[in-house]
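Chain by chain, the residues run as shown.
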Amino acid sequence: MEGTGRGTITDIDGKYSIDVKKGSKLTFSYVGYRTQTLVANQNSMNVKMKADAIQLEEAIVVGYATQKKATLTGAVSSVSSENLVKRNVASLSTALQGSMPGVTIQQTSGQPGSDGGQIRVRGVGSINSDQNPLVLVDGIEMDINQVDPNTVESVSVLKDAASASIYGSRASNGVILITTKRGKAGKVSTTYSGYLTIQRPTNMPEPVTAWEFLQAELDSWDNAGITVTETQRAQQLNLIEEQRTLRPDNWNRYDTNWKDETLKDNSIMHSHNVTVSGGSDNISFFASGSYLSQDGLIPNDNFDRTNIRLNADAKILPWAKLGIETNLRQSNLLNPGLSTPKSIINKALYMLPTLSAARELDGNWGYGKNGDNPTATAYDGGKKTRTSEALVNGTLTLTPLKGLEIVGQYSRRQVSTRTRTLITPYTTSLKGQVMGLYPSEDSLKEQWEQAIRNYYRAQASYERTMKDHYAKLLVGFQAEDNESTSFFGSKKGFELDRYYLDNGDGATATSGGGANSWAMMSWYARLNYN
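Please read all numbers here as calculations on a predicted model, not as lab measurements.

Caption draft 1: Spotlight on the sheet that holds strand β8 (residues 134-137). Sheet architecture is open: five strands sit in the order β5-β10-β11-β8-β9, paired in mixed fashion. The strands lining the two open edges of the sheet, one partner per strand, are β5 (76-80) and β9 (140-141).

Written out as structure tokens, the structure is:
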């Protein structure tokens, strides 16, 4: 019933019953049929569903081609861009959550820059090997979480062997095909979309106070059968009473809520996107620029990403078309240098309230647990990671004869990552006494990685319809090569806070690096008959 949560389903013969008021609106729907809304004005209503011809004629992206939904035999699900941009999330994988049957997406982290979902197509495909599906964006393998959802036209998921086998062994866990938006003939149009969200943890433990902890400690001794002398019991009860009746002075008594000292109640995420598209019958383009910024729940924990994409299509000849996609991406990730955000949050939730203050009265950081102070760890030092990606993808499509299509494609994708990890010791105190530095010395590590992948494809297809018979033959050749290089350098013992690798103690210097390369080549073919 429209406007309410009430509803019902029919039996195998199509019979149903539902109690509604006269004049209520009833909505009837079924997969593959048009949705109908009727007014309940009689006791018995018979509805004849009409097939949705538009859905059956809809083109679905499959391996290396498109196919009408009506003639599709493999297990393929798809979702359009309209459904994706409705969700204000940082990662495309999270936007797909719950949108397709047989595709399970589980978000295991909320950390900025690492909050993408874990994708499983029809369950776990392997125990020891990789379980992630193959992700292709306009035919090029990419990280789904670095794709701007505003540029996506459609997402198709090939779930069974019949539909995914054309991609070979890499498709054993399913294939996700992402098609980006293209320009259309018409006036140039400009659109802006953006959002600002406040993110909060959904379930966070609440630490106990100092007296509650001391009481629980005494109860645990009794429950465990540990012998407690009368003097020890009196001392413990006296501490409990002092903590319960007197305020902590961060000298004789500590009652530190490490959670409140370290974590924020909420964080802000905002995104902005501008698109420009248009063209004529011979030339069209689609351009998009977006910026995403996401803060974490602790200091020194944030992520930002900038995406720029330009898709252009040109009709060179009546039977020749050239398409070029250019994608640029740069992301910056900031984390604490001494520990991970997950570890810091865990320590802040379970650190004992009686150990020390987060910051002592003399201005130094509290001693915490043997110098390990989660609040100080969050604030001091930092790990900065900058990732840059450049992709150029060109496709030439020839149709010299009716039904014959020849495709040639080349792409080059380069991803570079630079990481700078700085650890600076902080001074700790306890009850006015300086306890020393934690950790014992500073360190700086610089890392650089780069991967370059080339992709080549040549493909031909021929389709023909004769009366009630339709057939299409597709054959192709594909090759890829990848080269990765990396190196790092580190030092300790810097002077005057000059944290550069040309400074520091030369005796502590370490360095290393590596390189690897691989290449693959494959042939593929498919025959469709209807």
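Caption draft 2: The pattern of salt bridges, seen in detail. Here the structure, examined in full by the defined rule, presents 18 salt bridges. A salt bridge links Arg 453 to Glu 480; the nearest nitrogen and oxygen atoms lie 3.4 Å apart. Here Glu 480 lies in strand β23 (residues 469-492) and Arg 453 lies in strand β22 (residues 443-466), a separation of 27 residues in the sequence. Each member of the pair, Arg 453 as well as Glu 480, is classed as buried. Put simply, Glu 141, Arg 170, Arg 453 and Glu 480 are held in one network by salt bridges that share partners.

Caption draft 3: Focus on the packing of aromatic side chains. In the structure shown here, the tally under the stated rule is nine aromatic pairs. With 4.0 Å between their ring centres and 10 degrees between their planes, Tyr 64 and Tyr 524 make a pair best called stacked. With Tyr 64 in the loop between β3 (59-62) and β4 (65-68) and Tyr 524 in strand β24 (residues 505-529), the pair connects residues that are 460 residues apart, well separated along the chain. Of the two residues examined, Tyr 64 and Tyr 524, each falls in the buried class. Between Phe 477 and Trp 523, the ring centres sit 5.0 Å apart and the planes meet at 55 degrees, which makes this aromatic pair tilted. Taken together, the residues span a long stretch of sequence, with Phe 477 in strand β23 and Trp 523 in strand β24 at a distance of 46 residues. By relative accessible area, which is 22% here, Phe 477 ends up partly exposed. Here the aromatic cluster, defined as three or more aromatic residues joined through ring pairs, consists of Tyr 64, Tyr 167 and Tyr 524. Looking at Arg 244, its charged tip hangs above the ring of Trp 211, at a distance of 4.6 Å from the centre.

Caption draft 4: Broad picture of the sheet that holds β22. An order of β12-β13-β14-β15-β16-β18-β19-β22-β23-β24 is seen for the ten strands of this open sheet, with the pairing classed as antiparallel. Looking at the sheet topology across the chains shown, the edges are occupied by β12 (186-199) and β24. Strand-to-strand twist across the sheet, computed as the mean angle between neighbouring axes with direction ignored, equals 5 degrees. Inspection of the sheet shows β23 paired to β24 by 21 bridges, in the antiparallel sense. Residue pairing across strands places Leu 473 opposite Leu 527, the latter belonging to β24.

Caption draft 5: Molecular detail of the environment of Leu 38. Mapping Leu 38 onto the fold places it in strand β2 (residues 36-39). With a relative accessible area of 29%, Leu 38 lands in the partly exposed category. In contact with Leu 38, other than residues within four places in its own chain, are Ser 24, Lys 25, Leu 26, Phe 28, Met 45 and Val 47.

Caption draft 6: Just the nonpolar core, in detail. By size, the foremost hydrophobic cluster in this structure holds 40 residues, and its most contacted members are Tyr 167, Val 175 and Ile 178. Mapped onto this core, the elements with two or more residues apiece are β3, β5, α3 (92-95), β6 (103-107), β7 (117-121), β8, β10 (152-158) and β11 (175-180). Residues contacting Val 175, with those up to four places away along its chain left out, are Pro 133, Leu 134, Leu 136, Ser 156, Val 157, Leu 158, Ala 164 and Tyr 167. Membership of the second largest hydrophobic core comes to eight residues, among which are Ile 298, Ile 344, Ala 348 and Ala 358.

Caption draft 7: Looking closely at helix α8 (residues 341-350). Among the residues of α8, Pro 341, Ile 344, Ala 348 and Leu 349 are the ones counted as buried. The buried residues of α8 all sit within an arc of 130 degrees when viewed along its axis, so they share a single face. Those residues of α8 that are exposed and angled more than 90 degrees off the buried face are Lys 342 and Tyr 350. Packing partners of the buried residues in α8 comprise α7 (258-262), β16 (320-335) and α9 (374-379).

Caption draft 8: Spotlight on helix α5 (residues 210-224). Given a rise of 1.5 Å per residue, 15 residues ought to cover 21 Å, and the 21 Å separating the end C-alpha atoms of α5 matches this to within 8%. Restricting attention to buried positions, one finds in α5 the residues Ala 210, Phe 213, Leu 214 and Leu 218. Projected down its long axis, α5 carries its buried residues within an arc of 135 degrees, all on one side. On the buried face of α5, the contacting elements are α6 (230-245). Just downstream of α5, Gly 225 is the residue with a positive phi angle, here 80 degrees.

Caption draft 9: Layout of a nonpolar patch on the surface. A surface patch of nonpolar side chains, about 570 Å² in accessible area, is lined by Ile 316, Leu 317, Trp 319, Leu 322, Ile 324, Val 392 and Leu 396. Listed by contribution, the elements that provide at least two residues to the nonpolar patch are β15 (302-317), β16 and β18 (382-398). Mapped onto the fold, Leu 396 is located in strand β18.

Caption draft 10: How the structure looks around empty space enclosed by the protein. A complete count under the given rule lists two cavities of 30 Å³ or more for this structure. Counted as a void, the largest cavity has a volume near 70 Å³. Every residue along the wall of the largest cavity is listed here: Met 142, Gln 146, Val 147, Asp 148, Thr 151, Ser 288, Ser 290, Asn 307, Ile 308, Arg 309 and Asn 327. Mapped by element, the contributors of at least two residues to the lining of the largest cavity are β14 (283-295) and β15. Per-element accounting of the lining of the largest cavity gives the leading share, three residues, to β15. The residue inventory of the lining of the largest cavity, partitioned by class, reads three nonpolar, six polar and two charged.

Caption draft 11: Here's a closer look at the pairing of β16. The pairing of β15 with β16 spans 15 bridges and is classified as antiparallel. Opposite Arg 305, over in β16, you have Ser 331 as the bridge partner. Connecting the antiparallel pair β15 and β16 is a turn made up of two residues. Where β16 lies against β18, 16 bridges are found, and the strand directions are antiparallel. When the bridges of β18 are listed, Glu 325 appears paired with Asn 393.

Caption draft 12: Local environment of the side chain of Asn 173. Position of Asn 173 relative to the elements: it lies in the loop between α4 (161-164) and β11. Aside from chain neighbours lying at most four places away, what touches Asn 173 is Val 121, Gly 125, Asp 130, Gln 131, Asn 132 and Pro 133.

Caption draft 13: View of the packing of α5 against α6. Contact geometry for α5 and α6: axes closest at 8 Å, N-to-C directions at 155 degrees. Taken as axis vectors, α5 and α6 run roughly antiparallel relative to one another. Viewed along their axes, α5 and α6 form a crossing whose handedness is left-handed. Judged by residue contacts, Ala 210, Trp 211, Leu 214, Gln 215, Glu 217, Leu 218, Trp 221 and Asp 222 of α5 engage Arg 233, Gln 236, Leu 237, Leu 239, Ile 240, Gln 243 and Arg 244 from α6. The residue inventory of the contact of α5 with α6, partitioned by class, reads eight nonpolar, three polar and four charged.

What counts and how
- Residues numbered from 1 in each chain as written.
- Predicted model: local features only at pLDDT ≥ 70, side-chain atom pairs only at ≥ 80, totals over all residues.
- Heavy atoms only, no water.
- Pairing = 2+ DSSP bridges.
- Helix = DSSP H or I, 4+ residues; strand = E, 2+ residues; numbered from the N terminus.
- Salt bridge = Lys/Arg side-chain N within 4 Å of Asp/Glu carboxyl O.
- Buried < 20%, exposed > 50% of the residue type's maximum accessible area, 1.4 Å probe, protein only.
- Phe/Tyr/Trp six-rings, centres within 6.5 Å; stacked < 30°, edge-to-face > 60°.
- Lys NZ or Arg CZ within 6 Å of the ring centre and 35° of its normal.
- Axes fitted to C-alpha atoms, helices over the stretch in contact; angles between N-to-C directions.
- Contact = heavy atoms within 4.5 Å.
- Core = buried A, V, L, I, M, F, W, Y, C linked by side-chain atoms within 4.5 Å.
- Arc of directions from axis to C-beta.
- Expected span 1.5 Å × (residues − 1).
- Patch = residues over 30% accessible without salt bridge, like charges linked within 9 Å, V, L, I, M, F, W, Y side chains within 5 Å.
- Areas by Shrake-Rupley, 256 points an atom, 1.4 Å probe, with all protein chains shown as cover.
- 1 Å grid on protein atoms, 1.4 Å probe; cavity = no way out; pocket = protein on both sides within 12 Å on 5 of 7 lines; lining within 4 Å.
- Points joined across faces, edges and corners; volume = space filled by probe spheres on them.
- Nonpolar A, V, L, I, M, F, W, Y, C, P; charged D, E, K, R; others polar.
- Parallel < 35°, antiparallel > 145°, perpendicular 65-115°, else oblique.
- Left-handed = near helix turned anticlockwise from the far one by under 90°.

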